[in-house]
Each structure stands twice: as C-alpha cells, then as structure tokens.
Amino acid sequence: MALFQISEPGLSAAPHEHRLAVGIDLGTTNSLVASVISGSAEVILDEAGNAILPSVVHYTESGDVRVGAKALEEASLDAKNTVSSAKRLIGRTMKDLGNVEHVAYELVDDPQMVRIKTRAGDVSPVEVSAEILKTLAKRASDRLGGDLTGAVITVPAYFDDAQRQATKDAARLANLSVLRLLNEPTAAALAYGLDNEAEGVYLVYDLGGGTFDVSLLKLTQGVFEVLATGGNSALGGDDFDRVLFQAVCQSAGIPAASLSAAESRRLLSAARSTKEALTEADTAELAFTLDNGQAMAVALSRTDFNALTAGLVNETLQAVKETLREANLTPNDVKGVVMVGGATRMPCVREAVAALFGREPLTGIDPDRVVAMGAAMQANKLAGNTTGDDDWLLLDVTPLSLGLETMGGLVEKVIPRNSAIPIARAQDFTTFKDGQTAMAIHVLQGERELVDACRSLARFELRGIPPMAAGAARIRVTFQVDADGLLSVSAREMKTGVEASIQVKPSYGLTDEDIVKMLQDGNAGAEADMHARELREQQVEAQRLLESTHSALEADGDLLDAEERQAVDALVNALATAAEGDDVATIKAAIDALAKGTDTLAERRMDRSIREALAGMNIDDATFDRTEEEARKIDDHLNGVK
Ligand code: ADP
Ligand code: MG
C-alpha cells in the first residue's frame, strides 16, 4: 500500500541528504574556511596543508589575480598592486577612514566606498574580498567534493550595516550563498559550546595581526546578544613585531631610518619569527642580514620580550576594562573569557588576562581557527544538517509552519514553525492516479491539519510528468526560506527533471496578531483536526483503492468469472458508500474487505503478467536479472491491484 500514498512515502524519518555548508573567517590578516565533517568542525587545509590563507590579493602584470601566500610574496616587491587588509576598507568611504590609513597602495575616493588603484584598474574592497572568498570556497568544494549550499561568514561585532552589506556583496560576487553573517566573538563562543553553558556574560578577547577587539556577550536561552564592543583597531600582533624591530635596531646601534626598504622588511619578518618562537621557547635568536652582507644576530629571552611588550599588553587590558565599564560590569561579572586571534598565543597575553579576571581564559581551541570553526557549526545548523530540533539556536525563525496540500484537503507540513531561517527542506511526493501527468502544488501556511483552516500562499502546477502507474512518479518538492523570509517552492519530477517553481513572501500581510491568532486556533483545533485528518486519510485511501480496483478490472476483468465479479462489485459499492459518510471505522472496514476481496484477482494478474513477461522467451534467457526499471514496472503493475 505504501506506494500509493500521495504524501511523502515514509521519507520524513530518513535523514535527508547532507548539505555542504562552510564557515568562513574573513580576517584582516588571515582567512580560513571550516566545515562540519563527520560531526565535528574542522578547518579545511589547502593542497600544501596550510589552514591559513593570508588575506592578500595581488594583481599581476600578466593580468592574473593571485591570492594568499603567493600574493603575500609580492607584497613588498610590487606593493602598489598588492592589496592587504581590505577588511579595513570594506564598506568605508575616505571620510569614514580619515587620514589614519597607512597603506602601501593608493586609495581612490568614491562616494560609495574607497577603491584601490591597481594596474587592473580601480578595484573595490568588495572585489578584493570576493577573490579571497572564491579561493576559500574552491578549497572547500574541492575537499568536500561537491557544490557548497552556503556559507556563514564572520564579521567583527562592531561592523555597521554598510560594512555588513559590503561583505555580503563580496560573497555574492564570489558566487557564494550567505546563510548568515555571524559576529566573530559569537562564532568563537559557539565553537567553545558556550551556548550550552550557564547563562551569563562572556568576554571575547580577540588579538589579531593588526586589530584588537573586545566583545561582551550575554547568553540567554541559547542566544548571544552583544552587550558592548571595544578594543583598538590599530593594535595587534604586528605591533609586537615592531617593538622587537625597534629594540634590535637600538641594541645593534643602527638607526631604523638608515635601513633600506629591503633591510626593514627582512628585519621585520625576522622579528615576527622570533616573537612566534618565544611563544614556545624561553630563548630565541633574531637573525637577519644587512644589504652589505653583514649578518646580525641578537639573542632574546622571553623575559626580555615580555618586558619590551608589557606596554602593548597593558593597552589591551585598559581597553578590556573600558569595555566592561561601558556595560557597567566588573571582571567578576564575567562567567568566562574566550581567547581568539593568533596573537593570544603569546604567554604574556594569556597571563595578563588570567590575572585581570582571576581565572584561566579559554584557550583549548586553536585561536587562529576558533572563529572559522564556530561559523562552520552555525552553517551546519542553518543548512539543516543537524538532527535534533531542540538544539536550534533561536535566531530568525519562521513564525508559522509552511506546507502543501495533499489529497483530501490535508496539509503536509514541510517546514515546521520556529525553524531558524534560512532553511531548506525537501520532501518526495507521488502521483495519485495512473497516467497522471500534472500535479497541482498548493503552498500553505499555518498550524492546522486541513487546508481550509490554513492560509493559502500560492498555487502552481508541475506539468509534463511522464504517464506512470499511480505512485510510481517521484516528485521532489523543495521549500526554501532565505534569511529575509522569502519562500521559494520548487517541484521536480526526478526521472525527467521537469521542474516548476514559485516565490512567495510568506509572512506578507500577516500582522503579529494574525500570527498569534493562527497559533491559538492551531492549538484549540488540534483534536478536531486529528479526527478530520484521520477521516480524510481514510477517504483518500478508499478513493485510491476504488480507482486502482477499477483500472485492474478494466484491464484484467476477464480473469474473474461472473460470480467472482459480482462479489467484487458489491465490495466496491459498499466502500463507495462508506467513503461518503464520516465514520472512520466503517470506511476502514470496507477498505479491508475490498482489499481482501481482490486478492484472487491480484494473484491471477500476477500470473498473467509473469506469463506475458516470459512469453516468447527461452527459459534459459529468463534469468532474473531484470533491470531495476523492469522490476519496478512489474511491481507497479502488481500493486495496481493490491
Ligand atoms: P587576523 O584576525 O587579524 O586576521 P590572526 O588572528 O591570524 O589575525 O593573527 C595574526 C597574528 O597572530 C600575527 O601578528 C601573528 O604573528 C600572530 N601569531 C600567530 N602565531 C603566533 C604565535 N605562535 N605566537 C605569537 N604570535 C603569533
Ligand atoms: Mg581574526
């Protein structure tokens, strides 16, 4: 019988296809992409095994665009055509930026957004960011082996509308569908699973390459709210490199101003390596060569380094205190501190933060990766890959269920109410009648079981379904609600690929009161609905059985003698009468009786169909390796009676 249900043939319980969704940390200095693979968030590496993609784009002489480490190599050689830190410019005009930007490339003013003068023309920070996103998306789809459904992209908590919109535009330009923009500190908190922890205030301390961000998050019922943000957009790990650089010049007696550009570059890069080495080791040597070939080496201890950089660390602590003050909080009010950004690896930073809060900050997850990992977890949820419905982060949600009409005026819910959007769900439906070539899709909104009690949103038709036995066609109907609440519904016949679709704005015209009323009605009507649903289901089943019996009698009625035929006709009439009434039990009984009463006919039809299938065949040829298609045809044929 299962084959004849018009509504999804038992597919709802089966896990739907895993959708490839990624989280992207689009950083000022470095960017990363991560995805939930076999249940856990993992950063995706490039072919060479690198997790980090330097956020640098180089426009080459030959017209190519290079991204990442390859572009970074060019940064010093061809600085004018190499764009780094585009994130500082995105969604900003010259006026927003003021005069503080010291960049090695040339900026062009534009009332919309600053542009960068390169040999490839004046490029916008949106285009630069798109190149970075494209590179990461390609890395991910290569590795995951398929097209990406969408991405969650992180932005600083303080990003305004223009900066957020520009980031979305960059994604669009990279042909990437944005499931959501997520605040970087929130992503880090999610990666640590803080959404499952005690409610309260958490502080995220993010020290990157060139920026320092402090965010205070308040967790209530699994939702993070940004209480306050602070920090210093001109302070980061790179400043620690500069302090070392200065110290080495001083101790070597070389005025920094006397160094050539190449010497400065080499010394700065040596300083960075030494800084990073001192995170692991107590001592390290800073070695570099002057243009005249003279090799220099300065030995440094971690204690020296800490002393040199204490001022910078203290600056970050001042910013933390300032942010707390703004929110009227003290370090004691903070439940946990999350460390983010490569520069928080430095022991001096960790120690200082621990001392301020009187507790160890959270450092268990790689601080470079934590934001991308949290974003990946969110992307995985938004793509609908999680099974439990209760672990949804309540963000933007669908206020009412969305579904479609099935036989008998019933509503099959496809997206339940309170699902976080954006969301996509698919369900398979099948045809009701033999040879049915079109299907009417009626999209509804509401909690009730019956079409009349729900709100009709749209109707469309899928035509061109190849004629098949009832129940043989597979029509996949996909509901998709984007972040703006825009619903699109598409129906596709799986064998031929014929498709039809429609777009609706589901909440359009509904006030909050309407929604509340529809929800109340839904609750009150639940019991009545259940009875009505049961009745309709039985009526549909009766109709279905009458139809298939009719077509079986038409095709193979000669298999019954007059007496047998009379008995079947009587059962048919009994069922037809019962189906017009509203007694579920009577209809059920009549269905069972007719189903039983046609057993003999079913058996004889089976014999006949096998005989026909074998007719003209040498018995040796009649091996039973039918193609799947043939096997299904025979099943369908037999099922036409059962
Ligand atoms: P952003 O968020 O700005 O893109 P990141 O979070 O990637 O930047 O941080 C980059 C900074 O982290 C650089 O200044 C880098 O030198 C620093 N960093 C990375 N690893 C270490 C380490 N092991 N010890 C100290 N600093 C480090
Ligand atoms: Mg960062």
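Attention here is on the structure that accompanies the text. Keep in mind it's a predicted model, so treat the numbers as computed, not measured.

### Considerations on helix 3 (residues 125-144)
Next, step 1: Between the first and last C-alpha of helix 3 there are 28 Å, a value that for 20 residues agrees with the 28 Å anticipated at 1.5 Å per step.
Next, step 2: Restricting attention to buried positions, one finds in helix 3 the residues Pro-125, Val-126, Val-128, Ser-129, Ala-130, Glu-131, Ile-132, Leu-133, Leu-136, Ala-137, Arg-139 and Ala-140.
Next, step 3: Residue Ser-124 occupies the N-cap position of helix 3, its side-chain oxygen lying 2.9 Å from the main-chain nitrogen of Val-126.
Next, step 4: Following helix 3 by one or two positions, Gly-145 has its phi on the positive side, about 70 degrees.

### Details of the site of ligand 1
Next, step 1: As a structural note, the neighbourhood of ligand 1 is formed by 18 residues, with Thr-29, Asn-30, Lys-275, Glu-276 and Thr-279 the closest of them.
Next, step 2: Here an oxygen atom of ligand 1 and a side-chain polar atom of Asn-30 are 2.8 Å apart.
Next, step 3: Protein contacts shield 89% of the accessible area of ligand 1, which totals 590 Å² for the unbound molecule.
Next, step 4: Of all the secondary structure elements, the ones that give two or more residues to the shell around ligand 1 are helix 6 (237-252) and helix 7 (261-280).
Next, step 5: Its residues assigned to classes, the shell around ligand 1 comprises 2 nonpolar, 10 polar and 6 charged.

### Topic: empty space enclosed by the protein
Next, step 1: Per the stated rule, a full pass over the model turns up 2 cavities of 30 Å³ or more.
Next, step 2: Of the pockets and cavities examined, the largest cavity occupies roughly 90 Å³.
Next, step 3: Taken together, 13 residues form the lining of the largest cavity, with Leu-26, Gly-27, Lys-87, Ile-90 and Ser-129 sitting closest to its centre.
Next, step 4: Counting residues per element, the ones that place at least two in the lining of the largest cavity are helix 3 and strand 11 (150-155).
Next, step 5: Broken down by class, the residue content of the lining of the largest cavity amounts to 6 nonpolar, 6 polar and 1 charged.
Next, step 6: Estimated volume of the second largest cavity: approximately 80 Å³.

Rules of the game
Residues numbered from 1 in each chain as written. Chains lettered and ligands numbered in written order. Predicted model: local features only at pLDDT ≥ 70, side-chain atom pairs only at ≥ 80, totals over all residues. Heavy atoms only, no water. Helix = DSSP H or I, 4+ residues; strand = E, 2+ residues; numbered from the N terminus. Expected span 1.5 Å × (residues − 1). Buried < 20%, exposed > 50% of the residue type's maximum accessible area, 1.4 Å probe, protein only. Polar contact = N/O pair within 3.5 Å; in protein donor to acceptor, adjacent residues only side chain to side chain. Near = heavy atom within 4 Å. Areas by Shrake-Rupley, 256 points an atom, 1.4 Å probe, with all protein chains shown as cover. Nonpolar A, V, L, I, M, F, W, Y, C, P; charged D, E, K, R; others polar. 1 Å grid on protein atoms, 1.4 Å probe; cavity = no way out; pocket = protein on both sides within 12 Å on 5 of 7 lines; lining within 4 Å. Points joined across faces, edges and corners; volume = space filled by probe spheres on them.

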